[in-house]
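Report on the structure
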Amino acid sequence: MKLLIIEDERELSASIVTYLSSENYVCEQAFTYAEALEKVGLYDYDCVLLDLMLPGGNGLDILREIRKRQNPVGVIIVSAKDSLDDKVRGLEIGADDYLAKPFHLPELSMRIYAIIRRREFAGGNLLHSNGIEINLPAKLVSVKGRPVVLTRTEYELLLFFIGNAGKVVSKAAMAEHLSGDMADMLDSHDFVYTHIKNLKAKLAEAGVRDCVKNVYGTGYKWIEL
């Protein structure tokens, strides 16, 4: 899952990135109002961590812009301004949660997980598709009780496919999801094909075939059989 951390305190931002990366999240950073506004306009995220006090502007205005665009991304306000007014205003505008500084990183991780689970997978801990069972908290995949060992990238790709079931997704969209804004710097997205090929092979070995369809010249689609 891909996160955007909007936080001008670079040391704190780095600590958040280090911890959440160890939890298998893809993390991107923005340190100013302008940079944050640009990123939420260009890229898709599963959750945004939003500080209110930013160089160049107020985080609540970024939240307003996100919701104005009808962007369904989960938003957690992370701010030292622990006033009731700020919390109420943020929730009224469309934030999903509010966490006051200082906070414990494991608590932040659980709040992120709860929002993503609620938004993407209807609140359940187990995700099912085509005989595949995914234990979301444990990040374990199995078919008929037999574990399917996936790399981090293959696991993220599987969730991305299932979360977009029935939709054609381009290689560019998958590259952005897997590598964040680094995707813009890549000469090609051929690495996506390699990961898809490996994922399909592991699923086929477990008895799950023909879920990922190649839509010629467009991208790929996850089919519910």
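Described in the following lines is the structure provided in the data block. (Residues numbered from 1 in each chain as written. Predicted model: local features only at pLDDT ≥ 70, side-chain atom pairs only at ≥ 80, totals over all residues. Heavy atoms only, no water.)

**What about the packing of aromatic side chains?**
Throughout the structure, instances matching the rule amount to 1 aromatic pair. Seen in terms of ring centroids, F161 and W222 are 6.2 Å apart; in terms of plane orientation they differ by 25°. Their pairing is stacked. One end of the pair, F161, is in helix 6 (residues 152-163); the other, W222, is in strand 14 (residues 219-222), with 61 residues separating them in the sequence. Directly above the aromatic system of F31 lies the positively charged group of R10, at a separation of 3.8 Å from the ring centroid. Positioned above the aromatic ring of Y25 is the side chain of K139, whose terminal nitrogen or guanidinium carbon lies 5.9 Å from the ring centre. (Phe/Tyr/Trp six-rings, centres within 6.5 Å; stacked < 30°, edge-to-face > 60°. Helix = DSSP H or I, 4+ residues; strand = E, 2+ residues; numbered from the N terminus. Lys NZ or Arg CZ within 6 Å of the ring centre and 35° of its normal.)

**Thoughts on the environment of R117**
Secondary-structure assignment places R117 in helix 5 (residues 105-121). Relative accessible area serves as the criterion here: at 22%, R117 is assigned to the partly exposed category. Residues R117 and L136, spaced 19 residues apart in sequence, show a C-alpha to C-alpha distance of 8.1 Å. (Buried < 20%, exposed > 50% of the residue type's maximum accessible area, 1.4 Å probe, protein only.)

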